[in-house]
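So you can see what is in the structure, the chains are spelled out below.
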Amino acid sequence: MDMDAVFRALADPTRRSLLDALFKEDGQTLSALEERLPMTRFGVMKHLKLLEQAGLVVSRRRGREKLHFLNPVPIRRVHDRWVSKYAEPWAAGLSDLKHKLEKTMEKVFEIYIKTTPERLWHAITDTEMRRKYNFGAIVTSDWTEGSRFEGRGNTSLIFEGENLEVDPPRRLVQSFMALWGEDVKSEGTSRVTWEIEPIGDSCRLTVIHDQLHEGANDQLYGGWPMVLSGIKTLLESGEILTTPGSLRWMHGVTEQQPR
(Lines give C-alpha, C1' and ligand atoms only; values in the text may rest on other atoms or scores of the structure.)
Protein backbone atom coordinates (compact mmCIF):
# COMPACT_ATOMS: atom_id res chain seq x y z
CA MET A 1 0.00 0.00 0.00
CA ASP A 2 1.30 3.44 -0.99
CA MET A 3 0.89 5.53 2.17
CA ASP A 4 1.61 8.74 0.25
CA ALA A 5 -1.27 8.01 -2.14
CA VAL A 6 -3.61 7.39 0.78
CA PHE A 7 -2.71 10.66 2.49
CA ARG A 8 -2.95 12.60 -0.79
CA ALA A 9 -6.40 11.15 -1.41
CA LEU A 10 -7.60 11.99 2.10
CA ALA A 11 -6.24 15.55 1.91
CA ASP A 12 -8.88 16.72 -0.56
CA PRO A 13 -12.28 17.71 0.96
CA THR A 14 -14.21 16.55 -2.12
CA ARG A 15 -12.72 13.08 -1.90
CA ARG A 16 -13.46 12.99 1.81
CA SER A 17 -17.07 13.87 0.93
CA LEU A 18 -17.19 10.91 -1.44
CA LEU A 19 -15.88 8.63 1.30
CA ASP A 20 -18.47 10.07 3.70
CA ALA A 21 -21.17 9.30 1.14
CA LEU A 22 -20.00 5.69 0.95
CA PHE A 23 -19.76 5.74 4.74
CA LYS A 24 -23.50 6.28 4.85
CA GLU A 25 -24.48 4.01 1.97
CA ASP A 26 -22.02 1.60 0.41
CA GLY A 27 -22.20 0.20 -3.11
CA GLN A 28 -23.31 3.38 -4.93
CA THR A 29 -23.26 4.09 -8.66
CA LEU A 30 -21.45 7.04 -10.22
CA SER A 31 -24.81 8.72 -10.89
CA ALA A 32 -25.84 8.42 -7.23
CA LEU A 33 -22.55 9.89 -6.04
CA GLU A 34 -22.75 12.67 -8.64
CA GLU A 35 -26.06 13.83 -7.18
CA ARG A 36 -24.38 14.42 -3.83
CA LEU A 37 -21.70 16.80 -5.13
CA PRO A 38 -21.92 20.21 -6.89
CA MET A 39 -19.64 19.21 -9.78
CA THR A 40 -19.67 17.57 -13.20
CA ARG A 41 -19.80 13.85 -13.79
CA PHE A 42 -16.24 14.04 -15.13
CA GLY A 43 -15.07 15.70 -11.92
CA VAL A 44 -16.61 12.97 -9.76
CA MET A 45 -15.04 10.30 -12.00
CA LYS A 46 -11.63 11.94 -11.60
CA HIS A 47 -11.87 11.96 -7.80
CA LEU A 48 -13.13 8.36 -7.71
CA LYS A 49 -10.19 7.27 -9.86
CA LEU A 50 -7.74 8.81 -7.38
CA LEU A 51 -9.54 7.12 -4.47
CA GLU A 52 -9.36 3.78 -6.30
CA GLN A 53 -5.65 4.26 -7.01
CA ALA A 54 -5.12 4.84 -3.29
CA GLY A 55 -7.12 1.69 -2.49
CA LEU A 56 -9.75 3.59 -0.52
CA VAL A 57 -12.54 2.74 -2.96
CA VAL A 58 -13.17 -0.54 -4.79
CA SER A 59 -15.50 -0.75 -7.79
CA ARG A 60 -17.30 -3.88 -8.93
CA ARG A 61 -19.69 -4.63 -11.79
CA ARG A 62 -23.24 -5.72 -10.99
CA GLY A 63 -24.92 -6.39 -14.32
CA ARG A 64 -24.86 -3.11 -16.26
CA GLU A 65 -24.07 -1.05 -13.19
CA LYS A 66 -20.68 -0.25 -11.70
CA LEU A 67 -20.90 0.03 -7.91
CA HIS A 68 -18.37 1.76 -5.66
CA PHE A 69 -17.51 0.44 -2.20
CA LEU A 70 -15.56 1.99 0.65
CA ASN A 71 -12.44 -0.07 1.41
CA PRO A 72 -11.39 0.55 5.04
CA VAL A 73 -8.25 -1.63 4.85
CA PRO A 74 -5.79 1.23 4.01
CA ILE A 75 -7.14 3.23 6.94
CA ARG A 76 -6.65 0.19 9.16
CA ARG A 77 -3.07 -0.09 7.88
CA VAL A 78 -2.42 3.55 8.79
CA HIS A 79 -3.75 2.83 12.26
CA ASP A 80 -1.60 -0.29 12.64
CA ARG A 81 1.53 1.56 11.56
CA TRP A 82 1.17 4.66 13.70
CA VAL A 83 -1.86 5.04 15.94
CA SER A 84 -1.59 1.63 17.62
CA LYS A 85 1.87 2.54 18.85
CA TYR A 86 0.41 5.22 21.11
CA ALA A 87 -3.12 4.08 21.88
CA GLU A 88 -4.86 1.00 23.19
CA PRO A 89 -6.03 -1.42 20.48
CA TRP A 90 -9.54 -0.52 19.33
CA ALA A 91 -12.33 -2.62 17.98
CA ALA A 92 -12.09 -3.46 14.29
CA GLY A 93 -13.91 -1.39 11.68
CA LEU A 94 -13.75 2.24 10.64
CA SER A 95 -15.71 3.87 13.49
CA ASP A 96 -18.86 3.63 15.57
CA LEU A 97 -20.42 6.21 13.27
CA LYS A 98 -19.98 3.97 10.25
CA HIS A 99 -21.50 1.05 12.10
CA LYS A 100 -24.56 3.07 13.03
CA LEU A 101 -25.07 4.28 9.47
CA GLU A 102 -24.44 0.94 7.77
CA LYS A 103 -27.32 -0.07 5.47
CA THR A 104 -25.73 -2.18 2.76
CA MET A 105 -25.96 -5.91 2.26
CA GLU A 106 -22.47 -6.20 0.80
CA LYS A 107 -19.00 -5.24 2.07
CA VAL A 108 -15.82 -5.31 -0.04
CA PHE A 109 -12.27 -5.30 1.35
CA GLU A 110 -9.09 -5.20 -0.73
CA ILE A 111 -5.36 -5.31 -0.06
CA TYR A 112 -2.16 -5.90 -2.04
CA ILE A 113 0.34 -8.41 -0.65
CA LYS A 114 3.83 -9.12 -1.97
CA THR A 115 3.56 -12.89 -2.24
CA THR A 116 2.53 -15.64 -4.64
CA PRO A 117 -1.04 -16.93 -5.08
CA GLU A 118 0.07 -20.30 -3.70
CA ARG A 119 1.52 -18.82 -0.50
CA LEU A 120 -1.54 -16.65 -0.02
CA TRP A 121 -3.91 -19.58 -0.52
CA HIS A 122 -1.87 -21.58 2.00
CA ALA A 123 -2.13 -18.74 4.54
CA ILE A 124 -5.92 -18.70 4.14
CA THR A 125 -6.40 -22.47 4.45
CA ASP A 126 -3.60 -23.52 6.82
CA THR A 127 -4.84 -23.89 10.40
CA GLU A 128 -1.72 -22.66 12.18
CA MET A 129 -1.09 -19.67 9.91
CA ARG A 130 -4.74 -18.65 10.10
CA ARG A 131 -4.63 -18.57 13.89
CA LYS A 132 -1.90 -15.93 13.83
CA TYR A 133 -4.03 -13.26 12.19
CA ASN A 134 -7.65 -14.43 12.58
CA PHE A 135 -8.39 -13.76 16.27
CA GLY A 136 -6.76 -17.03 17.32
CA ALA A 137 -9.49 -19.11 15.68
CA ILE A 138 -8.60 -22.71 14.87
CA VAL A 139 -10.05 -23.07 11.37
CA THR A 140 -10.27 -26.59 9.98
CA SER A 141 -11.64 -28.12 6.77
CA ASP A 142 -10.61 -30.46 3.98
CA TRP A 143 -11.14 -27.49 1.62
CA THR A 144 -13.12 -29.36 -0.99
CA GLU A 145 -16.28 -28.08 -2.66
CA GLY A 146 -19.36 -28.92 -0.59
CA SER A 147 -17.33 -29.70 2.54
CA ARG A 148 -17.78 -28.10 5.94
CA PHE A 149 -15.40 -25.69 7.63
CA GLU A 150 -15.43 -24.56 11.23
CA GLY A 151 -13.64 -22.16 13.53
CA ARG A 152 -13.05 -22.84 17.21
CA GLY A 153 -11.82 -20.64 20.02
CA ASN A 154 -10.94 -22.14 23.40
CA THR A 155 -12.59 -25.41 22.22
CA SER A 156 -15.91 -23.60 21.57
CA LEU A 157 -17.40 -23.45 18.08
CA ILE A 158 -17.39 -19.76 17.07
CA PHE A 159 -18.28 -19.96 13.37
CA GLU A 160 -19.02 -22.54 10.70
CA GLY A 161 -20.12 -22.86 7.11
CA GLU A 162 -19.82 -24.69 3.81
CA ASN A 163 -17.19 -24.38 1.10
CA LEU A 164 -19.42 -23.48 -1.84
CA GLU A 165 -16.67 -22.99 -4.43
CA VAL A 166 -13.02 -24.05 -4.12
CA ASP A 167 -10.65 -23.04 -6.91
CA PRO A 168 -7.07 -22.93 -5.56
CA PRO A 169 -5.18 -20.67 -5.63
CA ARG A 170 -7.66 -18.16 -7.05
CA ARG A 171 -11.10 -18.24 -5.45
CA LEU A 172 -12.84 -19.54 -2.35
CA VAL A 173 -16.55 -18.98 -1.70
CA GLN A 174 -18.04 -19.94 1.67
CA SER A 175 -21.30 -19.67 3.52
CA PHE A 176 -20.71 -18.16 6.96
CA MET A 177 -22.58 -18.55 10.23
CA ALA A 178 -21.35 -16.66 13.31
CA LEU A 179 -21.83 -18.51 16.61
CA TRP A 180 -19.73 -16.61 19.16
CA GLY A 181 -22.71 -14.87 20.79
CA GLU A 182 -26.47 -14.78 20.81
CA ASP A 183 -26.43 -11.34 19.18
CA VAL A 184 -24.72 -12.72 16.07
CA LYS A 185 -26.36 -16.13 15.95
CA SER A 186 -29.64 -14.42 15.14
CA GLU A 187 -28.09 -12.86 12.01
CA GLY A 188 -28.28 -16.17 10.16
CA THR A 189 -26.07 -17.23 7.25
CA SER A 190 -24.13 -14.84 5.03
CA ARG A 191 -21.47 -15.44 2.36
CA VAL A 192 -17.73 -14.74 2.18
CA THR A 193 -15.74 -14.77 -1.08
CA TRP A 194 -11.93 -14.71 -1.20
CA GLU A 195 -10.48 -13.66 -4.58
CA ILE A 196 -6.74 -13.84 -5.33
CA GLU A 197 -5.40 -12.09 -8.42
CA PRO A 198 -1.65 -12.00 -9.24
CA ILE A 199 -0.40 -8.50 -10.04
CA GLY A 200 3.30 -8.50 -10.98
CA ASP A 201 5.27 -9.82 -8.01
CA SER A 202 2.28 -9.34 -5.71
CA CYS A 203 -1.32 -10.45 -5.27
CA ARG A 204 -4.51 -8.49 -4.88
CA LEU A 205 -6.64 -10.12 -2.20
CA THR A 206 -10.30 -9.13 -2.24
CA VAL A 207 -12.73 -10.31 0.42
CA ILE A 208 -16.42 -9.83 -0.32
CA HIS A 209 -18.84 -10.37 2.55
CA ASP A 210 -22.38 -10.29 1.20
CA GLN A 211 -25.87 -11.71 1.67
CA LEU A 212 -26.02 -9.68 4.89
CA HIS A 213 -29.43 -8.34 5.79
CA GLU A 214 -29.87 -4.59 6.09
CA GLY A 215 -28.55 -3.34 9.39
CA ALA A 216 -26.65 -6.57 10.10
CA ASN A 217 -24.57 -6.69 13.29
CA ASP A 218 -21.20 -5.08 12.53
CA GLN A 219 -19.38 -7.87 14.37
CA LEU A 220 -19.91 -10.01 11.28
CA TYR A 221 -17.72 -7.88 9.01
CA GLY A 222 -15.97 -5.31 11.22
CA GLY A 223 -12.89 -7.45 11.78
CA TRP A 224 -11.95 -7.91 8.12
CA PRO A 225 -9.61 -4.88 7.91
CA MET A 226 -7.63 -6.24 10.86
CA VAL A 227 -7.55 -9.76 9.39
CA LEU A 228 -6.28 -8.55 6.01
CA SER A 229 -3.69 -6.29 7.63
CA GLY A 230 -2.51 -9.25 9.69
CA ILE A 231 -2.17 -11.62 6.74
CA LYS A 232 -0.21 -8.99 4.77
CA THR A 233 2.24 -8.40 7.62
CA LEU A 234 2.66 -12.13 8.28
CA LEU A 235 3.40 -13.01 4.66
CA GLU A 236 5.64 -10.03 3.90
CA SER A 237 7.67 -9.89 7.10
CA GLY A 238 6.90 -13.02 9.12
CA GLU A 239 5.86 -10.77 11.99
CA ILE A 240 2.58 -10.65 13.90
CA LEU A 241 0.69 -7.38 14.29
CA THR A 242 0.05 -6.13 17.82
CA THR A 243 -3.67 -5.74 17.12
CA PRO A 244 -6.51 -7.42 19.03
CA GLY A 245 -6.75 -10.20 16.44
CA SER A 246 -3.07 -11.08 16.75
CA LEU A 247 -2.79 -10.46 20.48
CA ARG A 248 -5.58 -12.94 21.09
CA TRP A 249 -3.55 -15.58 19.24
CA MET A 250 -0.40 -14.81 21.24
CA HIS A 251 -2.41 -14.90 24.48
CA GLY A 252 -3.73 -18.35 23.53
CA VAL A 253 -0.20 -19.62 22.85
CA THR A 254 0.96 -18.39 26.26
CA GLU A 255 -1.94 -20.15 27.96
CA GLN A 256 -1.01 -23.44 26.27
CA GLN A 257 2.61 -23.34 27.40
CA PRO A 258 3.45 -25.56 30.40
CA ARG A 259 3.96 -23.78 33.68
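J.: Explanation requested: helix H10 (residues 224–237) in the structure shown.
T.: Since the α-helix packs 3.6 residues into each turn, any two residues three or four apart lie on the same face. With 14 residues, H10 extends 20 Å between its outermost C-alpha atoms, agreeing within 8% with the 20 Å of an ideal straight helix rising 1.5 Å per residue. Every buried residue belonging to H10 is among Trp224, Pro225, Met226, Val227, Leu228, Ser229, Gly230, Ile231, Lys232, Thr233, Leu234 and Leu235, and all of these are buried. At the exit of H10 stands Gly238, carrying a positive phi of roughly 80 degrees.

J.: How should I be thinking about the side chain of His209 in this particular structure?
T.: Mapped onto the elements, His209 comes out in strand S9 (residues 202–210). On the basis of relative accessible area, His209 is assigned to the buried category, the value being 0%. Separated by 2.8 Å, the side chains of His209 and Ser190 make a polar contact.

J.: Sorry, what's going on with the sheet that holds strand S3 (residues 107–113) here?
T.: The strands making up a sheet associate through hydrogen bonds between their backbones, and the pairing can be parallel or antiparallel. Strand order in the open sheet made by the seven strands is S3-S9-S8-S7-S6-S5-S4, with antiparallel pairing throughout. The open sheet terminates on both sides in strands that have one partner only, identified here as S3 and strand S4 (138–141). Strand-to-strand twist of the sheet, defined as the mean angle between neighbouring strand axes without regard to direction, takes the value 20 degrees. Bridge analysis of strand S6 (residues 156–167) against strand S7 (residues 171–178) gives six bridges, and the strand direction is antiparallel. Looking at the pairing, Val166 lines up with Leu172 of S7. In this fold H10 packs onto S3, strand S8 (189–199) and S9, with an angle of close to 15 degrees to the strand it touches most, S3.

J.: What's the story with unusual backbone geometry in this structure? I'm lost.
T.: For residues that are not glycine, phi is negative in most cases, and the peptide bond is trans in most cases. Note the cis peptide between Pro168 and Pro169, where omega equals -5 degrees. Topologically, Pro169 is positioned in the loop between S6 and S7. Within the chain, Trp143 stands out as a residue other than glycine whose phi angle is a positive 55 degrees. Note that Trp143 resides in the loop between S4 and strand S5 (148–153).

The rules behind the values
Residues numbered from 1 in each chain as written. Predicted model: local features only at pLDDT ≥ 70, side-chain atom pairs only at ≥ 80, totals over all residues. Heavy atoms only, no water. Helix = DSSP H or I, 4+ residues; strand = E, 2+ residues; numbered from the N terminus. Expected span 1.5 Å × (residues − 1). Buried < 20%, exposed > 50% of the residue type's maximum accessible area, 1.4 Å probe, protein only. Polar contact = N/O pair within 3.5 Å; in protein donor to acceptor, adjacent residues only side chain to side chain. Pairing = 2+ DSSP bridges. Axes fitted to C-alpha atoms, helices over the stretch in contact; angles between N-to-C directions. Contact = heavy atoms within 4.5 Å.

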